[in-house]
Amino acid sequence: MRTLALAALTTMVGAVLVAPAAQALPDGLALTPPMGFNNWNATHCRADFNEAMVKGIADIFVSRGLKDAGYEYVNIDDCWAEKSRDAQGKLVPNKTRFPNGIKAVADYVHSKGLKFGIYTSAGTKTCNKDNGFPGGLGHEDSDAQQFASWGVDYLKYDNCNNQGVDAKQRYRKMRDALKKTGRPIVFSLCEWGQNKPWEWASDTGHLWRTTGDINDTWPRTMDIYEKNVVLDSYAGPGHWNDPDMLEVGNGKMNATQYRSHFSLWAIMAAPLLIGSDLRKVNADTYTILGNKDVIAIDQDKLGVQGKRIRTTGKTGVDVIVKPLANGDKAVALFNKSGSTQTISTSLSEIGMSGPAVLKDLWTKSTRTTTGAISASVPSHATVIYRVSKGDGGPRPTPPAGTSDLSAFEATSATNGWGPVEIDRSVGGNKAGDGKTLTINGVTHQKGFGAHAASTIEFYLGRKCSSVTVDVGVDDEVAAGRGSVVFEMYADSTKVADSGRMTGTDPAKKLTASLSESENLRLVITDAGDGINSDHGDWASPRITCS
């Protein structure tokens, strides 16, 4: 039985599938991971954190090309305020650090075509142990309005001095307060992963910390990486796992380690917030932070966090794969060990077929492969490739006329449970163990059996005009189980959406125009309630091409 084999890209803990997060905030913010700067890692509460520093960073974003590379937010952290509120209960900017106030700084940042972010805590005081500046707990509406009046575009909301109040209650109260202001403000939950925010926060904030604070050491960076890399199923446009700010340029790791740090954060679709004082860093720091090829992996509009498909433990090697919006894949070969290792995967393991072009995103070299993806990787280094279909020549497209889409080779496929099956349903998690595609008692001889979260992509080469397909939950699922949404994309445009479907629904016919499209993408999501029993069928798919 043929399959689109990608069994390694299953998400499984024992026999229980890991559920992704619920629906994201429907406000159109942070559709790619936020990029910018935060002063904390470089300055903490020292005197060099002040108005001049913040304005200097904004200037450097423009003059050194970081703005053009995608860095957008200039954010300030703890210690920006006076120790007490004023008589009206309002926050007061520290008169020494910010003699002209916060709005003046925000206005300056905005004048550079950038955005401005601020910090407070979901508690009675912030996290600074020596001073304990006023926190937002009990002042959410007032603080949110004050931030909006200053022109704040991003709020980092910490977790200190929270008085034991339930995290969901505290963070959702500030979410609602921000919404009331009418100003679009990205909401960053700095909850440290204590209450597993990835399981509940996608309707609350745009990103959430998955761990405690990072520091400028390799062991701590690796500890955070290990905790964050396994949470790939919870991330997506508008709702991101946040493994904390970048330490690149702060000086206690070497250039190889900093390149790995940056590469891993990018392939994990993490926010890229520079944590070093750009007025003082070396040239290599700018080379790392300005690598547009690596940034493009992080900022890819498909919004998928890379999945670790193979690991040999905390002192071994990892292979991480991230599907990209145009059908390419990013592949990271990461050597955690103390000596050089040869790390290998293959096109079939990452869900592609040959030939393909490998571009090394650090050396910029390219080569063609018909199967193997391999590199000799030094200790603590990461080789990150962009893998593109073909050798630069024409790629195959569906034949002229109307034909079965399942007879045509996909350019890539990922699946939440076992491999995508061709002309069979998804059964267990092994290839070829499904049955005839059956939706509500009606059988189909052609199509694809898949399981949320799933993506199947085809190269069309602007030669196809339309596609039709019957979609539904396969009868192999017990009655009443499973709930999915089927979506079709022509390039980056959604052209069909089934709405939520369950195992009790008859098949729904989807028809979409593909005119002038390079790629067709078939997506199954979990309908926002976890991925248990989400076996979806793309039944009798027919495509018309010229």
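Preceding block: the structure.
Residues numbered from 1 in each chain as written. Predicted model: local features only at pLDDT ≥ 70, side-chain atom pairs only at ≥ 80, totals over all residues. Heavy atoms only, no water.

1. Here we look at the overall build of the protein chain
Then comes step 1: Check the secondary structure of the protein chain and you find ten helices and 30 strands.
Then comes step 2: Taken over the C-alpha trace, the protein chain has a radius of gyration of 24 Å; the compact-globule value for 546 residues is 24 Å, and the two agree within 12%.
Then comes step 3: When its C-alpha atoms are laid out on the principal axes, the protein chain stretches across 75 × 50 × 45 Å.
Then comes step 4: Buried positions account for 60% of the 546 residues belonging to the protein chain.
Then comes step 5: For the protein chain, the computed accessible surface area is about 20200 Å², with 50% contributed by carbon and sulfur atoms.
Then comes step 6: The average position of the 60 basic charges and that of the 60 acidic charges among the side chains of the protein chain differ by 2 Å. (Helix = DSSP H or I, 4+ residues; strand = E, 2+ residues; numbered from the N terminus. Rg over C-alpha atoms; globule rule 2.2 N^0.38 Å. Buried < 20%, exposed > 50% of the residue type's maximum accessible area, 1.4 Å probe, protein only. Areas by Shrake-Rupley, 256 points an atom, 1.4 Å probe, with all protein chains shown as cover. Lys, Arg positive; Asp, Glu negative; His and termini not counted. Charge placed at Lys NZ, Arg CZ, Asp CG, Glu CD.)

2. Quick notes on unusual backbone geometry
Then comes step 1: Residue Pro355 follows Gly354 across a cis peptide bond; omega there is -5 degrees.
Then comes step 2: Of note, Pro355 is situated in the loop between β13 (341–346) and β14 (356–360).
Then comes step 3: Here the bond from Ala452 into Ala453 is cis, since omega is -5 degrees, no more than 30 degrees from zero.
Then comes step 4: Checked against the element boundaries, Ala453 lands in the loop between β23 (447–451) and β24 (454–459).
Then comes step 5: With phi around 70 degrees, Trp192 is a residue other than glycine that occupies positive phi space.
Then comes step 6: When you line up the elements, Trp192 lands in the loop between β6 (186–189) and β7 (207–209).
Then comes step 7: Since its relative accessible area comes to 24%, Trp192 is described here as partly exposed.

3. Examining the sheet that holds strand β19 (residues 412–414)
Then comes step 1: The five strands lie next to each other as β19-β24-β29-β26-β27, forming an open sheet whose pairing is antiparallel. Pairing within the sheet leaves two strands with one partner each, and these edge strands are β19 and β27 (493–502). The mean angle between the axes of side-by-side strands here comes to 10 degrees, regardless of whether they run parallel or antiparallel.
Then comes step 2: Where strand β26 (residues 483–490) lies against strand β29 (residues 519–525), six bridges are found, and the strand directions are antiparallel. The residue of β29 that forms the bridge with Met488 is Leu522. (Pairing = 2+ DSSP bridges. Axes fitted to C-alpha atoms, helices over the stretch in contact; angles between N-to-C directions.)

4. Quick word on the packing of helix α2 (residues 51–63) against helix α4 (residues 101–111)
Then comes step 1: Relative to each other, α2 and α4 sit at 10 degrees, their axes nearing to 9 Å. Judged by the angle between their axes, α2 and α4 are roughly parallel. Along its contact with α2, which presents Glu51, Val54, Lys55, Ala58 and Asp59, the element α4 presents Val105, Tyr108 and Val109. (Parallel < 35°, antiparallel > 145°, perpendicular 65-115°, else oblique. Contact = heavy atoms within 4.5 Å.)

5. Brief notes about helix α7 (residues 218–229)
Then comes step 1: Under the 1.5 Å per step criterion, the end-to-end length of α7 is 16 Å for twelve residues, consistent within 8% with the ideal 16 Å.
Then comes step 2: The buried fraction of α7 is high, at nine of twelve residues.
Then comes step 3: Of all the positions in α7, only Trp218, Arg220, Thr221, Met222, Ile224, Tyr225, Glu226, Asn228 and Val229 are classed as buried.
Then comes step 4: Taken together, the buried residues of α7 touch β8 (240–242), α8 (255–267), β10 (307–311), β11 (317–323) and β12 (329–335).
Then comes step 5: A distance of 3.4 Å separates the backbone nitrogen of Arg220 from a side-chain oxygen at the start of α7, and that oxygen is part of Thr217. (Expected span 1.5 Å × (residues − 1). Polar contact = N/O pair within 3.5 Å; in protein donor to acceptor, adjacent residues only side chain to side chain.)

6. So, the environment of Cys464
Then comes step 1: Among the secondary structure elements, Cys464 is positioned in strand β25 (residues 464–473).
Then comes step 2: Sequence separation of Cys464 and Glu516 is 52 residues, and the distance between their C-alpha atoms is 7.5 Å.
Then comes step 3: Ignoring sequence-local partners within four residues, the contact set of Cys464 consists of Pro398, Leu514, Ser515, Glu516, Ile543, Thr544 and Cys545.

7. Some points on the sheet that holds β7
Then comes step 1: With respect to topology, eight strands assemble into an open sheet ordered β8-β7-β6-β5-β4-β3-β2-β9, the strand pairing being parallel. Both outer strands of the open sheet, β8 and β9 (272–274), are each paired with one neighbouring strand and no more. Here the average twist between neighbouring strands, direction ignored, is 25 degrees.
Then comes step 2: Pairing between β6 and β7: two bridges, direction parallel. Across the sheet, residue Ser188 finds its bridge partner in β7, namely Leu207.

8. What to know about helix α5 (residues 140–150)
Then comes step 1: Among the residues making up α5, those that are buried are Glu140, Asp143, Ala144, Gln146, Phe147, Ala148 and Trp150.
Then comes step 2: Structurally, α5 contributes buried residues whose contacts are with α4, β4 (115–121), β5 (154–158) and α6 (167–181).

9. A look at the pattern of salt bridges
Then comes step 1: As enumerated under the stated definition, the model contains 36 salt bridges in all.
Then comes step 2: A salt bridge links Glu349 to Arg310; the nearest nitrogen and oxygen atoms lie 2.9 Å apart. With Glu349 in the loop between β13 and β14 and Arg310 in strand β10, this pair connects stretches of sequence that are 39 residues apart.
Then comes step 3: The shortest N-O distance in the salt bridge between Arg462 and Glu516 comes to 3.5 Å. Highlighted residues: Arg462 in the loop between β24 and β25 and Glu516 in the loop between β28 (508–513) and β29, separated in sequence by 54 residues.
Then comes step 4: The network of salt bridges with shared partners includes Arg46, Asp48, Asp277, Arg279 and Lys280. (Salt bridge = Lys/Arg side-chain N within 4 Å of Asp/Glu carboxyl O.)

10. Here we look at the packing of α5 against α6
When two helices pack together, their arrangement is given by the angle between the helix axes and by the axis-to-axis distance.
Then comes step 1: The contact between α5 and α6 brings their axes to 8 Å, and the two run at 45 degrees. As the angle between them shows, α5 and α6 are arranged oblique. α5 and α6 meet at a crossing whose hand is right-handed. Along the contact surface, α5 presents Glu140, Asp141, Ala144, Gln145 and Ala148, while α6 presents Lys173, Met174, Ala177, Leu178, Lys180 and Thr181. (Left-handed = near helix turned anticlockwise from the far one by under 90°.)

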